[in-house]
Amino acid sequence: MNNIQLSYNIERRDFSRAGEASSNIKKALRQLGVNSATIRRVAVATYEAEMNIIIHSEGGTIGVTVDVDKIRIDAKDTGPGIENIEMAMKEGYSTATSEVRELGFGAGMGLPNMKRCADEFSIESSKGNPTKVSIIIYQ
Amino acid sequence: MLVKELIQALDLEVIAGIEGEDREITGVYISDLLSWVMANLQAGNVWITIQTHVNVVAVALLGEASCMIIPEGAEIDENTIEKANQEKIPLLRSKLTAYQLALKIKEASNLK
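From a predicted model like this one, the values you see are computed outputs, not experimental measurements.

**A word on the interface of chain A and chain B**
Many authors give the size of an interface as the accessible area that is lost as the parts come together.
Move 1: Listed per partner, the contact involves 18 residues of chain A and 16 residues of chain B.
Move 2: Per-element accounting of the side of chain A that touches chain B gives the leading share, 4 residues, to helix α2 (residues 36–56) of chain A.
Move 3: When the residues that make up the side of chain A that touches chain B are grouped by side-chain class, the tally is 9 nonpolar, 7 polar and 2 charged.

Here it is in structure tokens:
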């Protein structure tokens, strides 16, 4: 079987459509017959990736590759990059503005939640550069 | 317990998404931090939150909540109502606080 690829553009600060890409990914996986525990992990990871791109970046993309034995998620943005990845990975640490926090975002749980859902997790970023997060979930 | 039975038992105001009233309720989750909800809401949970902007519908859908209850009669954004109707997820409201709602749900159901 060939793998199946999905790709979504995410606009910066587009809160009105937030969650749309992850909802569409979830629907697609359900149609493909992926088991619900795996779908749940992919849904959480892609939702957090989508929100991170909307809240913190200049915009980006989320790609999902579905293979027989695994699902790969690639979230990429166009910057401005994370200054301190170690801090960003800590639960409760957030650089979100108070405005965003009032909406219930910016809990500092985004990257930790993504990592928790992943069997393999990698993040590449530095100040002034794009951020790239790759996740593999075995099914 | 089904969402429609909960609506009746607690006299909840139906704001949107009534088509989803036959969903089974598995428990209750209360939080306003969306990432926290994403990580911890269990499928079939009633989700009680004071957040009423449109993104709560996406979180409820992704987390597979049975319904959402907005406590304390809080105002709800128009596009949230539209989205909940579109996605057929019950959006309910009550004058009670989240705590009072939780107590009433426990009384009305056999949920732990």
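**Focus: the UniProt feature "domain: DRTGG" (unreviewed entry) in chain B**
Move 1: As recorded in UniProt, the feature "domain: DRTGG" (unreviewed entry) lies at residues 5–107 of chain B.
Move 2: Regarding residues 5–107 of chain B, the helix share stands at 39% and the strand share at 18%, and the terminal C-alpha atoms are separated by 13 Å.

**So, the sheet that holds strand β4 (residues 120–124) of chain A**
Residues and elements named next belong to chain A.
Move 1: Strand order in the open sheet formed by 5 strands is β1-β2-β3-β5-β4, with antiparallel pairing between adjacent strands. A strand with exactly one partner marks an edge of an open sheet, and here the two such strands are β1 (4–10) and β4. Each strand of the sheet is rotated relative to its neighbour by a mean of 10 degrees, with strand direction disregarded.
Move 2: Inspection of the sheet shows strand β3 (residues 70–77) paired to strand β5 (residues 132–138) by 7 bridges, in the antiparallel sense. Within the sheet, the bridge partner assigned to Arg 72 lies in β5 and is Ile 136.
Move 3: Relative to the sheet, helix α1 (residues 20–31) contacts β1 and β2 (60–66), its axis offset from that of β1 by approximately 165 degrees.

Conventions and cut-offs
Residues numbered from 1 in each chain as written. Chains lettered and ligands numbered in written order. Predicted model: local features only at pLDDT ≥ 70, side-chain atom pairs only at ≥ 80, totals over all residues. Contact = placed C-beta atoms within 7 Å. Helix = DSSP H or I, 4+ residues; strand = E, 2+ residues; numbered from the N terminus. Nonpolar A, V, L, I, M, F, W, Y, C, P; charged D, E, K, R; others polar. UniProt positions renumbered as here; feature names shortened; annotations may be inferred. Pairing = 2+ DSSP bridges. Axes fitted to C-alpha atoms, helices over the stretch in contact; angles between N-to-C directions.

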